[in-house]
Each structure stands twice: as C-alpha cells, then as structure tokens.
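# A look at the structure
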Amino acid sequence: MYNNSMKLLFLSSLMMGTILSISSNNWLGIWMGLEINLLSIIPLLTDNKNMMINESSIKYFIIQAMPSTMLLISILLIQMKYMIWLEKENIPSMMIMSSMMMKMGAAPFHFWLPEVMGSTSWMNCLILLTWQKIAPMMTLSYCIKMSSFTFTVILMGIIVGAMGGLNQTSLRQIMAYSSISHLGWMISSMVISENTWELYLCIYFLLNIAVIMMFSSMKLFFLNQAYLSGNLKMEIKFLMMLSLLSLGGLPPMLGFLPKWIVIQSLIDNNMTTIMFLMVTFTTITLYYYMRISFSAIIMSHTENSWLMGIKINKSKMILSVMTTISMLGLICTSSLMLFY
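Computed from a prediction, not measured in an experiment: that's the story for all the values here.

## Regarding the overall build of the protein chain
Scanning the protein chain for helices and strands turns up 15 helices and zero strands. When each of the 340 residues of the protein chain is scored for burial, the buried share is 53%. Restricting the contact set of the protein chain to residue pairs at least 6 apart, pairs at least 24 apart contribute 76%.

## Some remarks on the UniProt feature "transmembrane region" (unreviewed entry) in the protein chain
Mapped onto the present numbering, the UniProt feature "transmembrane region" (unreviewed entry) falls at residues 58-78, 139-162, 174-192, 198-217, 238-261, 273-290 and 317-339. Along residues 139-162, the helical share is 83% and the strand share 0%, with 26 Å between the first and last C-alpha atoms. Along residues 174-192 one finds 100% helix and 0% strand; the C-alpha atoms at either end are 28 Å apart.

## Examining the nonpolar core
Residues Tyr60, Met101, Leu140, Met175, Ile187 and Phe215 are the most contacted members of the largest nonpolar core, which totals 85 residues. In terms of residues, this core owes the most to one element, helix H11 (residues 194-218), which gives 12 residues. If we ignore the near neighbours within four places in the chain, the residues touching Phe215 are Trp122, Leu171, Met175, Leu220, Leu244 and Ile292.

## Points about the packing of helix H9 (residues 148-164) against helix H10 (residues 171-192)
Think of two packed helices as two axes; the pair is described by the angle between the axes and how far apart they sit. Taken N-terminus to C-terminus, the directions of H9 and H10 make an angle of 155°; their axes are 7 Å apart at the nearest point. The angle between H9 and H10 falls in the class roughly antiparallel. By crossing handedness, the relation of H9 to H10 is classed as left-handed. Counted together, Thr150, Val153, Ile154, Gly157, Ile158, Val160, Gly161 and Gly164 of H9 and Tyr177, Ile180, Ser181, Gly184, Trp185, Ile187, Ser188 and Val191 of H10 form the full contact between these two elements. Class assignment for the residues of the contact of H9 with H10 results in nine nonpolar, seven polar and no charged.

## Notes on empty space enclosed by the protein
Under the criterion given, the structure shown has two cavities of 30 Å³ or more. Taken as a whole, the largest cavity holds about 70 Å³ of empty space. Lining the largest cavity are Leu34, Asn37, Leu38, Tyr60, Gln64, Lys103, Gln132, Ala135 and Pro136. Breaking the lining of the largest cavity down by element, the ones donating at least two residues are helix H2 (27-45), helix H3 (51-79) and helix H8 (134-143). Top element by residues in the lining of the largest cavity is H2. It accounts for three residues. Its residues assigned to classes, the lining of the largest cavity comprises five nonpolar, three polar and one charged.

## Regarding the packing of aromatic side chains
For the structure shown, the criterion picks out five aromatic pairs. Ring plane angle 20° and centroid distance 6.1 Å describe the contact between Trp122 and Phe221, whose orientation is recorded as stacked. Here Trp122 is found in helix H7 (residues 122-129), whereas its partner Phe221 is found in the loop between H11 and helix H12 (234-248), with 99 residues between them in sequence. Assessed through its relative accessible area of 3%, Trp122 is described here as buried. With a relative accessible area of 27%, Phe221 lands in the partly exposed category. Ring centres of Tyr288 and Tyr289 lie 5.4 Å apart, and the angle between their planes is 45°; on these two criteria the pair is classed as tilted.

## Some thoughts on H10
If you check H10, its first and last C-alpha atoms are 32 Å apart, about what 22 residues at 1.5 Å a residue would give, namely 32 Å. Counting buried residues along H10, 20 of its 22 residues qualify, which places the element largely inside the surrounding structure.

## Considering a nonpolar patch on the surface
Residues Leu39, Ile58, Phe61 and Ile62 make up a contiguous nonpolar surface patch of about 390 Å² in total accessible area. It is H3 that provides the largest number of residues to the nonpolar patch, a total of three residues. Among the structural elements, Ile62 can be located in helix H3.

## Points about the pattern of salt bridges
Applying the stated criterion across every chain, the model contains two salt bridges. With a shortest N-O distance of 3.4 Å, Lys59 and Glu55 are connected by a salt bridge. Here Glu55 and Lys59 lie together in helix H3, a separation of four residues that amounts to about one turn. When the shortest N-O distance is used, the salt bridge between Glu115 and Lys59 registers 3.8 Å. With Glu115 in helix H6 (residues 112-117) and Lys59 in helix H3, this residue pair connects regions lying 56 residues apart in the sequence. On the basis of relative accessibility, which here comes to 44%, the residue Glu115 falls in the partly exposed class. Relative accessible area serves as the criterion here: at 30%, Lys59 is assigned to the partly exposed category. Each of Glu55, Lys59 and Glu115 takes part in a single network of salt bridges with overlapping partners.

## Considering the side chain of Lys103
Position of Lys103 among the secondary structure elements: in helix H5 (residues 91-104). Here Ser68 takes part through its side chain, which lies 3.2 Å from a polar atom of the side chain of Lys103. Residues contacting Lys103, with those up to four places away along its chain left out, are Leu34, Gln64, Pro67, Ser68, Trp112 and Pro136.

Definitions and cut-offs
- Residues numbered from 1 in each chain as written.
- Predicted model: local features only at pLDDT ≥ 70, side-chain atom pairs only at ≥ 80, totals over all residues.
- Heavy atoms only, no water.
- Helix = DSSP H or I, 4+ residues; strand = E, 2+ residues; numbered from the N terminus.
- Buried < 20%, exposed > 50% of the residue type's maximum accessible area, 1.4 Å probe, protein only.
- Contact = heavy atoms within 4.5 Å.
- UniProt positions renumbered as here; feature names shortened; annotations may be inferred.
- Core = buried A, V, L, I, M, F, W, Y, C linked by side-chain atoms within 4.5 Å.
- Axes fitted to C-alpha atoms, helices over the stretch in contact; angles between N-to-C directions.
- Parallel < 35°, antiparallel > 145°, perpendicular 65-115°, else oblique.
- Left-handed = near helix turned anticlockwise from the far one by under 90°.
- Nonpolar A, V, L, I, M, F, W, Y, C, P; charged D, E, K, R; others polar.
- 1 Å grid on protein atoms, 1.4 Å probe; cavity = no way out; pocket = protein on both sides within 12 Å on 5 of 7 lines; lining within 4 Å.
- Points joined across faces, edges and corners; volume = space filled by probe spheres on them.
- Phe/Tyr/Trp six-rings, centres within 6.5 Å; stacked < 30°, edge-to-face > 60°.
- Expected span 1.5 Å × (residues − 1).
- Patch = residues over 30% accessible without salt bridge, like charges linked within 9 Å, V, L, I, M, F, W, Y side chains within 5 Å.
- Areas by Shrake-Rupley, 256 points an atom, 1.4 Å probe, with all protein chains shown as cover.
- Salt bridge = Lys/Arg side-chain N within 4 Å of Asp/Glu carboxyl O.
- Polar contact = N/O pair within 3.5 Å; in protein donor to acceptor, adjacent residues only side chain to side chain.

Structural data, given as structure tokens:
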C-alpha cells in the first residue's frame, strides 16, 4: 500500500513537472518544470530488490543533471545582452538544443539511453520512451532551425538507430535504438512543421505502448526468449509481428503514416538529399524488427512441455486491440493517397 501511494505521488509530480514545462512562457519556468520532472522519476526508477535498477537510476540522474546545468547556463547567456557575438554565432541556441537532445536521448547524446533501459523494467522503459520526451521536444521546437548542426543530428540519429540495434540481443536496448531512430525523424519534421512532429509523436506513443505492453505481458526481455514463445498460439505471434512492423514504419501500417507525411514535406521543401538518406537507413531498422518476429514464427525448435500451460488471455486482448489500431493505418494511408 505504501509503495503504491509513493508511486502515485511521484507519478503525479512527474506529470505536473512536464505540464509546467510545456505551459511556461519563460525559460526559467521551463527549467523548473524539467527539474521537477527529473526529481520525480528517480524514485520510480529505483527498486530495493534489484540493485541493477538502482544503478540505472543513478546513471539517469547523473546524465540528466548535465543538460539541466547546460540549459541554465544557456538561459543566463541569453539574458546577458552585451554578449552580442554569442547571439550572432547562435551558441546559446545550440546549447539549448544540445541539452534537450541529451535529455531525450537523441544522437549524438544517446549513449546513456540503451544502458539505462537495458537494466530497468518495461514500465519504466515505457515512461522513458514516451512521457519523458514531451517536455524536451516542446523546448527543442522553440529554438530549432535548419542548419549544419541540425542536419548532422538528424543524420546521426537515423544512422545510430539503424546500426546500433543490429547486434543487440536485449529487447529493451533494441527499443532504445529504435527510439533514437524515430527521434531523428521527429527532429526533421520539427524543422518543417509543428503539427507534423506532434502527429508523429502521438502515433509513436501509441505504437510504443502496444509493443511494450506486449513484451511486458509476455515477459520477454531478450531475443532468445522469442524462441521459447513457440508454445504461444500462431495468432498471438502474428499480432506481435504486425505491431513490430508497424513501429518500424512498414507500409501500409499506421507507423508508416507519419513517415509518409514527413517524406512528402521534405520533398516539398527541396530537402530530397536528407530524405533519401533517412529512408535508406531506416529500412535497416526493419531488419531487427523482423528478426524478433521471425524468430518466434519461422524458426523450428524444440518445444518444452512445461511451458504449454502459459496463459495468454491478457496478452491476447492487449495485442488484439493495439494491432487493430495499427492496422487502421491501411485505411488512413490509402484514403490520404486517394485524396491527395
């Protein structure tokens, strides 16, 4: 009872910090909201029974303290009007962008994200991949503009997200590298339009919830556990594959819809080079999504008789609802293509 009350308290303050940050009209309010958010998630990441989770919470706190300091220094530099040469070089703006990218785990400030996610629970992973990205993304949208720095960040995000997940066996770290790749797409859409990246963020949240709830309910943490899922019914495996491919952005799933809008917007703004590179490297991410799915569906292996009694009613219900939503992307995408 005490543990649940504590989690509810810190979860409420976590949400309050994010809402304060995105609704503030000054930089100090944004910084305060981010600090409340940081101090609220640390107790949620800790666990007295698992020292590895405690280690990840300490790593998270140390890493997140650095961009908070950088943001505060950037705010002070903006307020010091006599440092005109800094404004001309856009140094405070680049410092704010860098601090926000470090907070949400975008490349090249991504090194902490796979490490922290690799040793925490699925529910904490869900918070890190969804709610914790809202405030930094909103703050980043205030000062972002297309430059060589932004171009490098977008390209590095796509490349790191594609290459980093290839040799991973931990599903949590694969989801972390998937997040890095999606952040590259969201930052590129942020340069073009506010509505585009917000739509991308909402659909990304939905698909992440579907996949992480699936892994959590089936208690899958590593790739080799997918081999032991041969005792699950074929429809469960098929739904799992559809959810993963939708997260990867394979047409005509729902996950393809925001990417299609971003591609069209980049072409309209004569940014075909970065669009071509993004699409090319994003196809690599589909490989490790299909590797998870096919290891459960196609690979032949010995089935253990003591696993035949696994109850999957809860998993099946979650997967059915989420995959139905993902499959609506077929209707949405087709309709948009007809009326465009």
